[in-house]
Structures are given as structure tokens and as C-alpha cells.
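What the coordinates show
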Amino acid sequence: MNAPRELALEVACDLAQLGAVSERLDAFWVAHGVSDEAQADLNIAVEEIVSNVMRHGETREPIRLRVAVDAEEVRVEVEDRGREFNPLTHPEPDPHTPLAARRPGGLGIFMVVKLMDRTSYERRDGANCFRMVRRRQRA
Amino acid sequence: MAGRAEWNANEMSLEIFPEKLPAIQVVRLKGRLDSAGAPRLSEALETLEKAGETRIVLECSELRYISSVGLSVFIGSGKSLGAAGGALAFAGLTPHVRSMFEMVGFIGLFPVYVTVDEAIASA
């Protein structure tokens, strides 16, 4: 397998970019034989984190996306220079709440944590750095 | 799988096809329901509700991607239609969309049918 094992993208702060990001990621997943299930999980997780920055980050600076793959897992790092925000401190919604008591929103981070195998956050040199790992195969 | 790298621009976005049937209002969704497409769906559902449609079935057999913003549109519309005495229902969920529904506890929250015909039969 000769395709580069890493992909780095700079994404303009514009929700209309999400489709193009997904397309670039899909080409990378296909080149590395990432399973359909893992692809879907990763694409959603990336969109959730990136769109969160676009909508709430209060920045126009591009978002840096770095993806790396090896035989065991896929690692994604999202770095933005928006306001300090640790998604992992966001309160989790209760999936058993009835419809009338539900509020739109708040599902994204919950989904990321469920879909990924590991997640972590770090504030580094004035940037938010969110990392996530998805194993290629789940037992 | 090879075809996945050849998506064109249309397949990257959301297409919304409202279809009025005698017993029910159907809206067929195709493509990606992401942060870019969700506001358009929200607007389309609001327009239908304002026109008096309170029972809406979203047909999702060609919806191949959904993120949390799309799921949030379903919550907003489902609550609003429910308050008006109607409901938001779903038909034709793909395994991917169904797994997202299960993850966030939507199964049991909304009526989910295998097909639009099944939704009509229970209308």
C-alpha cells in the first residue's frame, strides 16, 4: 500500500466546505481500505467537531485537520484558533428523554464520544486541539 | 466501494422532495443531511406545517449520511408537529441512519416504518 499514511487539510470556516472535506476523507479512507463502518463513524465525528468550531468558535481562521492511519487505527486531530472550548466537558444528553422534553442540539459531542474509541482535548499555544481515535476493526 | 471516491457535487448535498399523498405528506430525502443541508430541511418542514400538514413522513431510503444537526431538526419538527396534534414519522431508514437513531434514543420517540406504504396503512 503506497498511498501516504497521513492527510493534512486546512478547512475554511464555512459550513459549505463540509461536503468537500468529506469527499477528501473518503478518498483517503478508500486508499487505505478503511471499512465502510469506520468511514461513516469518522466522517460524522469530523463533521461534528469541525462544524462546532464553525458555528460557535468565533473565528474565521482555517481549521487544521490531520488524519493518520496505520494497520490498527485511524487518528484524527482537529486544531482551531477559536475561543477556548473543551467539548468533553459538555453535558451529555439523556437518550431516554421523551420528545416533548428534548431540546434540539447537544447531540454532536455525545455521538463523537460514542462513535470513537478514544477522545482527548488539549488547549495548546492558543489553539483548541481535539484528538480522536477509531480502531479499524472492532471485536 | 470504488464508486465512493467518485461522488459528484449533487451527491454531496441534500435533496428534498415533498410529495403529497391522499392520507399523508411524504418528504423524500436524498444525499447528506449535514450542517450545510439541515437549515433547508428545517425550513421545508416549517413551510409544510404552516400550510397545515401535521402528519409528515420522511422517506430516508436514499439518505446516506446524517449528523447531529440533522437529528436536531427532527427533534424540533417532531415537537412542533406533536404539539399541533400530528407527528413526524420515518420510513425506509438505511442501516447507517437507523444506527444513529438507536444511538441517540430516537427509536420509540418517533414512529418508524419500513416503507411509506406501511406508514399510510397506519395513518
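Use the structure listed above.
What comes next is a walk through the structure. (Residues numbered from 1 in each chain as written. Chains lettered and ligands numbered in written order. Predicted model: local features only at pLDDT ≥ 70, side-chain atom pairs only at ≥ 80, totals over all residues. Heavy atoms only, no water.)

Looking at the nonpolar core
Here is the rule: The definition of a nonpolar core used throughout is a set of buried Ala, Val, Leu, Ile, Met, Phe, Trp, Tyr and Cys residues joined through side-chain atoms within 4.5 Å. Here the term buried applies to any residue with accessible area under 20% of the maximum for its type, exposed to any over 50%, and partly exposed to those in between, with areas from a 1.4 Å probe on protein chains only. Each helix is a run of DSSP H or I of at least 4 residues and each strand a run of E of at least 2, with the numbering of both proceeding from the N terminus.
Core analysis: the largest hydrophobic core is formed by 69 residues, its most contacted members being A:M132, B:L58, B:F74 and B:F106. Among the elements that take part in this core, helix α2 (residues 36-56) of chain A stands out by supplying nine residues, more than any other. With eight residues, the next largest nonpolar core counts B:V26, B:A91, B:Y113 and B:V116 among its residues.

Observations regarding the interface of chain A and chain B
Under the convention used in this document: Contacts are residue-level and defined by heavy atoms, with any inter-residue pair within 4.5 Å sufficient. Two parts placed together each lose some accessible area under a 1.4 Å probe, and the buried area is that loss summed for both. Criterion for a salt bridge: a side-chain nitrogen of Lys or Arg within 4 Å of a carboxyl oxygen of Asp or Glu. Any N or O atom pair separated by 3.5 Å or less is treated as a polar contact, with the protein-specific requirement of one donor-capable and one acceptor-capable atom, and with residues adjacent in sequence counted only for side-chain atom pairs.
Counting residues at the interface gives 32 residues for chain A, matched by 27 residues for chain B. Summed over both sides, the interface of chain A with chain B buries roughly 2600 Å², with 65% coming from carbon and sulfur. By the criterion of area lost to chain B, the three top residues of chain A are A:E47, A:L99 and A:R102, representing 23% of everything that side buries. Linking chain A to chain B there are one salt bridge. When the shortest N-O distance is used, the salt bridge between B:R32 and A:E47 registers 3.6 Å. Put simply, chain A and chain B have 11 residue pairs in polar contact (both at pLDDT 80 or more) between them. Elements represented by at least two residues in the side of chain A that touches chain B include exactly α1 (18-31), α2 and α3 (107-115) of chain A.

Some details on the sheet that holds strand β2 (residues 63-69) of chain A
Residues and elements named next belong to chain A. Cut-off, in case you're wondering: When DSSP finds two or more bridges between a pair of strands, those strands are recorded as paired. Fitted lines through C-alpha atoms serve as axes, helices being fitted only where they are in contact, and the angles separating the N-to-C directions of these axes extend from 0 to 180 degrees.
Read from one edge to the other, the open sheet built from five strands follows the order β1-β2-β3-β5-β4, with strand pairing classed as antiparallel. Where the open sheet ends on each side, the last strands, each with one partner, are β1 (6-11) and β4 (118-124). This sheet shows a mean twist of 15° between the axes of neighbouring strands, independent of strand direction. Looking at chain direction, strand β3 (residues 73-80) and strand β5 (residues 127-135) are connected through eight bridges and run antiparallel. The residue of β5 that forms the bridge with V78 is F130.

Quick look at the pairing of β3(A)
Residues and elements named next belong to chain A. Most of β3 sits out of view: seven of its eight residues are buried. Two elements, β2 and β3, share six bridges in a ladder whose sense is antiparallel. Each bridged residue has a counterpart across the sheet, and for L65 the counterpart in β3 is V78. Hairpin connection of β2 to β3: three residues between the antiparallel strands.

Observations concerning the packing of α2(A) against α3(A)
Residues and elements named next belong to chain A. Using the following cut-off: Handedness of a crossing follows from how the near helix is turned relative to the far one, being left-handed for an anticlockwise turn of less than a right angle and right-handed for a clockwise one. Each residue gets one label: Ala, Val, Leu, Ile, Met, Phe, Trp, Tyr, Cys and Pro are nonpolar, Asp, Glu, Lys and Arg are charged, and the others, such as Gly, are polar.
Interhelical geometry of α2 versus α3 gives an angle of 145° and a closest axis separation of 9 Å. Between α2 and α3 the crossing geometry is left-handed. Touching D41, I44, A45, E48, I49 and N52 of α2 are G108, I109, M111, V112 and L115, all from α3. In terms of residue class, the contact of α2 with α3 is made up of seven nonpolar, two polar and two charged.

Considering helix α2 (residues 68-83) of chain B
All names here are of chain B. Spelled out, the test is: Multiplying 1.5 Å by the helix residue count minus one yields the expected span of that helix.
Its 16 residues place the ends of α2 23 Å apart at the C-alpha level, agreeing with the 22 Å of an ideal helix rising 1.5 Å per residue. Within α2, burial applies to S68, V69, G70, L71, S72, V73, F74, I75, S77, G78 and L81. A positive phi of about 90° marks G85, the residue just after α2.

Coordinates in, geometry out; function isn't part of it.
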